[in-house]
Every structure is written in structure tokens, then in C-alpha cells.
Amino acid sequence: MHKILIVEDDIDLATVLQMNLTSKGFKVFIAHDAIHGTTLTHNEKPDLIFLDINLPAGGGLTMLKNIKVSINTKTIPVII
């Protein structure tokens, strides 16, 4: 089962995305800020990340930089 991480501070939007993707057979994780998103990325190693740029606790671009410098997470595709 493919894993997708949604990093989005709009809870309603994240929930709708999660429901749609789960119904298609994906395992979905949600983070509502950049710190939690970075932690989930390193712990879960998702196959794809949907990343909001305007996030609390560091922002999406900071999260993107943090995961792209790690050998374990730099190849994960990110959709901004």
C-alpha cells in the first residue's frame, strides 16, 4: 500500500484529501505544521508528499529544505 503525507494547516481541506485518497486505497498521514510534517516524513517514509507552503511552525519551504538534505528522504516526490 502506498503512503501519502498531507501537510496542510486547513483541517477541512486535509480531511477531504484524506478521505478521497483513502477511498482509492492509499494510506494517508496528516500533519498540520512543518515540524510534525518533517517528523512524519522521517518516521513513515511516504511515497508522496502534498505540501502547503504557508504553514505554522517553520513553513513549507523550510520543511522542504529539511527533507531534501537528508539521504533517507531526499528522493520523496513533493507536490506543493
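Only a predicted model underlies this, so the values are computations on that prediction, with no experimental measurement involved.

A. Geometry of the nonpolar core. Counting residues in each nonpolar core, the largest one holds 13 residues, and the members touching the most others are Leu5, Val7, Ile49, Leu51 and Met63. Secondary structure elements with two or more residues in this core: strand E1 (3-7), strand E2 (27-31), helix H2 (34-44), strand E3 (48-51) and helix H3 (60-68). Excluding residues within four positions of it along the chain, Leu51 makes contact with Val7, Gly60, Met63, Leu64, Val78, Ile79 and Ile80. Core analysis: the next-biggest nonpolar cluster, separate from the first, contains 7 residues, Ile4, Leu21, Val28 and Leu48 among them.

B. Spatial organisation of the packing of H2 against H3. Look at H2 against H3: their axes get within 9 Å of each other, and the N-to-C directions meet at 25 degrees. Relative to H3, the element H2 is oriented roughly parallel. By crossing handedness, the relation of H2 to H3 is classed as right-handed. For the pair formed by H2 and H3, the contact residues are Ala34, Gly37, Thr38, Thr41 and His42 on the first element and Met63, Asn66 and Ile67 on the second. A breakdown of the residues in the contact of H2 with H3 according to their chemical character gives 3 nonpolar, 5 polar and no charged.

Parameters and conventions
- All residue numbers refer to position in the chain's written sequence, counted from 1.
- Where local features are concerned, this predicted model is filtered to residues with pLDDT of at least 70; where side-chain atom pairs are given and counted, the filter is 80 or more; whole-chain, interface and lining totals use all residues.
- As a rule here, side-chain values cover all heavy atoms of the structure and leave hydrogens and water aside.
- Only buried residues count toward a nonpolar core. Its members are Ala, Val, Leu, Ile, Met, Phe, Trp, Tyr and Cys residues joined through side-chain atoms within 4.5 Å.
- A 1.4 Å probe rolled over the protein chains alone gives each residue an accessible area, and that area as a share of the maximum for its type sets the label: buried under 20%, exposed over 50%, partly exposed in between.
- Note on conventions: DSSP H or I runs of at least 4 residues are helices, E runs of at least 2 residues are strands, and numbering of each starts at the N terminus.
- It only takes one pair of heavy atoms within 4.5 Å for two residues to be counted as in contact.
- Throughout, an axis means a line fitted to C-alpha atoms (over the contacting stretch in the case of helices), and angles, computed between N-to-C directions, take values from 0 to 180 degrees.
- Should an angle fall under 35 degrees it is called roughly parallel, over 145 degrees roughly antiparallel, and 65 to 115 degrees roughly perpendicular, with every other angle called oblique.
- By convention, the crossing between two helices is left-handed when the near helix turns anticlockwise from the far helix through less than a right angle, and right-handed when the turn is clockwise.
- Throughout, the ten residues Ala, Val, Leu, Ile, Met, Phe, Trp, Tyr, Cys and Pro are labelled nonpolar, Asp, Glu, Lys and Arg are labelled charged, and all others, Gly among them, are labelled polar.

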